[in-house]
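Topology and contacts: notes
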Amino acid sequence: MAKKRDKLEVIYDMLRIIKDKHNSIKPTPLLRFSNLSTQRFQEYIKELLEKELVLEIKDKKNKRFYSLSEKGFKYLERYSTIKEFIFDFGL
Amino acid sequence: MPFRPIFLTGPHLWLELFYSLIIILSSLFIYLKTKELYDLTQHQGIKYFRNSFLLFGLAFFSRFIIRIMNFLSDDPLGRGFHQFGLFIFIYAGIAAGLLLIYSIVWKNIKNSKEKEPYIHIISLIISAFIVFTSKKPNFLFLIAALFIIAGILAYQYNKKSENKIKLLIVYLLLPTAWILNAAAQIFIRVSITTALVLYTLSSILFLLITYRVSKVIKN
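What you see is a predicted model; the values in this text were computed from it and never measured.

Quick notes on the packing of helix H1 (residues 7-20) of chain A against helix H3 (residues 38-50) of chain A
Residue and element names in this part refer to chain A. As a packed pair, H1 and H3 sit with axes 11 Å apart at the nearest point and diverge in direction by 80°. What the angle tells us is that H1 and H3 run roughly perpendicular. Residues Lys7, Val10, Ile11, Met14 and Leu15 of H1 form the contact with H3, whose participating residues are Arg40, Phe41, Tyr44, Ile45, Glu47 and Leu48. Classifying every residue of the contact of H1 with H3 by side-chain character gives eight nonpolar, no polar and three charged.

Structure, rendered in structure tokens:
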């Protein structure tokens, strides 16, 4: 059985999916690729928006897209350091 | 008595200055170096860890001010100033020690309600009792007991955890070093040799964590 992802890992996966989709993805495919329940997905996306890791953009037809903010790119770049720090210091 | 020039006060003062600088700068370095990781993640453990070192820095800064005032003048800014400095030193030291231990056990506490305010309240109350009552030794034993209980909890948690903390012993020794510093500050007039040993051991602990932080967070 696959190990349950921790919060930092889920956030990393969601950000990476957005980045891999040319930094623009609709909510439904993001939900599918994230491998989360709808409720958990809503919680995470709300948190990502609050933490300003992700930006919500609406096109002319009023359709929503998510893209990474500068902070989101930084998170991806620093992820291995974040994990190592938390692991090393037992936080 | 008039203030004496700083260079006329002997090796004790230089030792104090050097020691305080090591601890304060190490603490500030850790606090500032971990800012980016906290800003990106808002991770609770990182928050407690950072705040702990900010408080250690504050504790040793106020300790340094008290020591310097004692060195420079027989009757420095008065008893009130000394009491206030001591109050900050003890409050910040207790809160720092408890927060450091809490930073590794918070995940195991079922109730996710924020505990940091309670740590500050407990530390403020104990500090007030120590500074404003005559039962100083009793309260230092109480703090030691508090740290021992917190330390045992952290040790038990670490034993069960898959993710063994490499620096656990350093974590547990930091509050111990602070208690020895507090004891030396409040009751005992230590010789320069004893002070040197105590200061060297405390500095090594802080420098070990600083080194580890700078190694993990390279840029």
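Further notes follow.
Some points on the environment of Leu21 of chain B
With respect to the secondary-structure elements, Leu21 of chain B resides in helix H1 (residues 10-33). Residues Leu21 of chain B and Ile125 of chain B lie 104 residues apart in sequence; the distance between their C-alpha atoms is 28 Å.

So, the interface of chain A and chain B
Contacts between chain A and chain B engage 17 residues on the former and 26 residues on the latter. When chain A packs against chain B, the two sides together hide about 2,000 Å² of surface, and 63% of this comes from carbon and sulfur. Looking at the side of chain A facing chain B, the largest losses of area belong to Phe85, Phe89 and Leu91 of chain A, adding up to 35% of the total buried there. At the junction of chain A with chain B, the criterion picks out three salt bridges. Between Arg212 of chain B and Asp88 of chain A there is a salt bridge, and its shortest N-O distance comes to 2.5 Å. Along the contact surface separating chain A from chain B lie seven residue pairs in polar contact (both at pLDDT 80 or more). The element contributing the most residues to the side of chain A that touches chain B is helix H4 (residues 70-88) of chain A, with eleven residues. Taken together, the residues of the side of chain A that touches chain B break down into nine nonpolar, two polar and six charged.

Here we look at the pairing of strand E1 (residues 54-58) of chain A
All names here are of chain A. Alignment of E1 against strand E2 (residues 64-68), held across five bridges, turns out to be antiparallel. Within the sheet, the bridge partner assigned to Lys58 lies in E2 and is Arg64. Between E1 and E2, which pair antiparallel one after the other, the connecting turn spans five residues, and Asn62 there sits at a positive phi close to 65°.

Considering H3 of chain A
All names here are of chain A. The terminal C-alpha atoms of H3, which comprises 13 residues, lie 18 Å apart, in line with the 18 Å expected from a rise of 1.5 Å per residue. Taken together, the buried positions of H3 are occupied by Phe41, Tyr44, Ile45, Glu47 and Leu48. For H3, the arc enclosing every buried residue in end-on projection is 160°, short of the 170-degree limit, so these residues lie on one face. Residues of H3 that are exposed and point over 90 degrees away from its buried face: Gln39, Lys46 and Glu50. Those residues of H3 hidden inside the fold are in contact with H1, helix H2 (27-34), E1 and E2.

Quick notes on the rules
- Residues numbered from 1 in each chain as written.
- Chains lettered and ligands numbered in written order.
- Predicted model: local features only at pLDDT ≥ 70, side-chain atom pairs only at ≥ 80, totals over all residues.
- Heavy atoms only, no water.
- Axes fitted to C-alpha atoms, helices over the stretch in contact; angles between N-to-C directions.
- Helix = DSSP H or I, 4+ residues; strand = E, 2+ residues; numbered from the N terminus.
- Parallel < 35°, antiparallel > 145°, perpendicular 65-115°, else oblique.
- Contact = heavy atoms within 4.5 Å.
- Nonpolar A, V, L, I, M, F, W, Y, C, P; charged D, E, K, R; others polar.
- Buried area = accessible area lost by both parts, 1.4 Å probe.
- Salt bridge = Lys/Arg side-chain N within 4 Å of Asp/Glu carboxyl O.
- Polar contact = N/O pair within 3.5 Å; in protein donor to acceptor, adjacent residues only side chain to side chain.
- Pairing = 2+ DSSP bridges.
- Expected span 1.5 Å × (residues − 1).
- Buried < 20%, exposed > 50% of the residue type's maximum accessible area, 1.4 Å probe, protein only.
- Arc of directions from axis to C-beta.

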